[in-house]
Amino acid sequence: MKWVALVLAAVAVVAGGVAWQFWSEATALPDWYTEPPSPPVAAPSGPSPDAGPSPRRPSESPRPLEWMPVGPPPPPQASSSAAAPRTREVRNFHLRSTAKNPAWREAVRGSRATFEDGTLEAGVVISLDKLPRRSLSANDRKTIDRALKAFPALRKREVYVGLEDRTVTRDGILQLGSSTKIRVGQLRYPLSTVAKRLGLSAPSIRRQINRELRRLKVKDPEVATK
């Protein structure tokens, strides 16, 4: 799953830098999250999770994500250019990233992305104790063990991990800008801080996320509707 590096990096930052008085902020779940039903919802336009992922040729790519407007439409404006920006969202986008590895579906409990006035917010709620350890690299397992050793209570908790940034658009696809922040609960860290603490390259992480945004065809909804 492409998001695993981001998830593990953010949890490690929490384990290494959050004081106990900030515990409630670090483990706060977003308002949109509700416990998913059992069994989990199926991926859009695909078979039920019990049936497993549909075979996909290497050359095939998913359809563009469909942004849905949130709330009532803004009031009419004298000029379309003066119209208030409208929030759009995509729910459960993680089902696309986990299609090739169903073991992740139990660990990732929900996901949501929103876009408004050029700002992208996207994140997942993940159960750390349900991570498919066999699917992780040795370094990833070491990282998550570091987080759990520092905060054993995380083992039985669900944690929200996300990213926020003012995006740029290339070929109609949203790409991260230069001020990416990683979010853990209600806490936010610059991507550069997360990368430095793990000895990783922030540009490399940004490129990986941008490749995933392009693979999933996360289009700029403002460009798509013009």
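Structure: see above.
Described below are features of the structure shown in this document. Here the structure is a predicted model, which means the values were calculated and not measured. (Residues numbered from 1 in each chain as written. Predicted model: local features only at pLDDT ≥ 70, side-chain atom pairs only at ≥ 80, totals over all residues. Heavy atoms only, no water.)

### Regarding the side chain of Arg88
For step 1, the next point in the chain: With respect to the helices, strands and loops of the structure, Arg88 is situated in strand 2 (residues 88-91).
For step 2, the next point in the chain: Separated by 2.9 Å, the side chains of Arg88 and Glu222 make a polar contact. (Helix = DSSP H or I, 4+ residues; strand = E, 2+ residues; numbered from the N terminus. Polar contact = N/O pair within 3.5 Å; in protein donor to acceptor, adjacent residues only side chain to side chain.)

### Notes on the nonpolar core
For step 1, the next point in the chain: Among the nonpolar cores identified, the biggest contains 45 residues, and Trp67, Leu128 and Leu154 are the most heavily contacted of them.
For step 2, the next point in the chain: Ignoring sequence-local partners within four residues, the contact set of Leu128 consists of Val11, Ile144, Leu148, Leu154, Arg157 and Val159. (Core = buried A, V, L, I, M, F, W, Y, C linked by side-chain atoms within 4.5 Å. Buried < 20%, exposed > 50% of the residue type's maximum accessible area, 1.4 Å probe, protein only. Contact = heavy atoms within 4.5 Å.)

### Regarding the sheet that holds strand 2
For step 1, the next point in the chain: Reading across the sheet, the seven strands line up as 1-2-3-4-5-8-9 and stay open at both edges, with antiparallel pairing between neighbours. For this open sheet the edge positions go to strand 1 (68-69) and strand 9 (187-190), each flanked by a neighbour on one side alone.
For step 2, the next point in the chain: Across two bridges, the pairing between strand 1 and strand 2 is antiparallel. For Pro69, the partnering residue across the bridge sits in strand 2 and is Arg88. (Pairing = 2+ DSSP bridges.)

### Comments concerning helix 7 (residues 202-215)
For step 1, the next point in the chain: Here helix 7 is 14 residues long and its end C-alpha atoms lie 20 Å apart, about the 20 Å a rise of 1.5 Å per residue gives.
For step 2, the next point in the chain: Every buried residue belonging to helix 7 is among Ala202, Ile205, Arg206, Ile209, Asn210, Glu212 and Leu213, and all of these are buried. Seen along its axis, helix 7 keeps its buried residues to an arc of 160°; they face one direction.
For step 3, the next point in the chain: Lys217 sits one or two positions beyond helix 7 and adopts a positive phi of about 55°. (Expected span 1.5 Å × (residues − 1). Arc of directions from axis to C-beta.)

Honestly, that's just the spatial picture; any functional story needs more than this.
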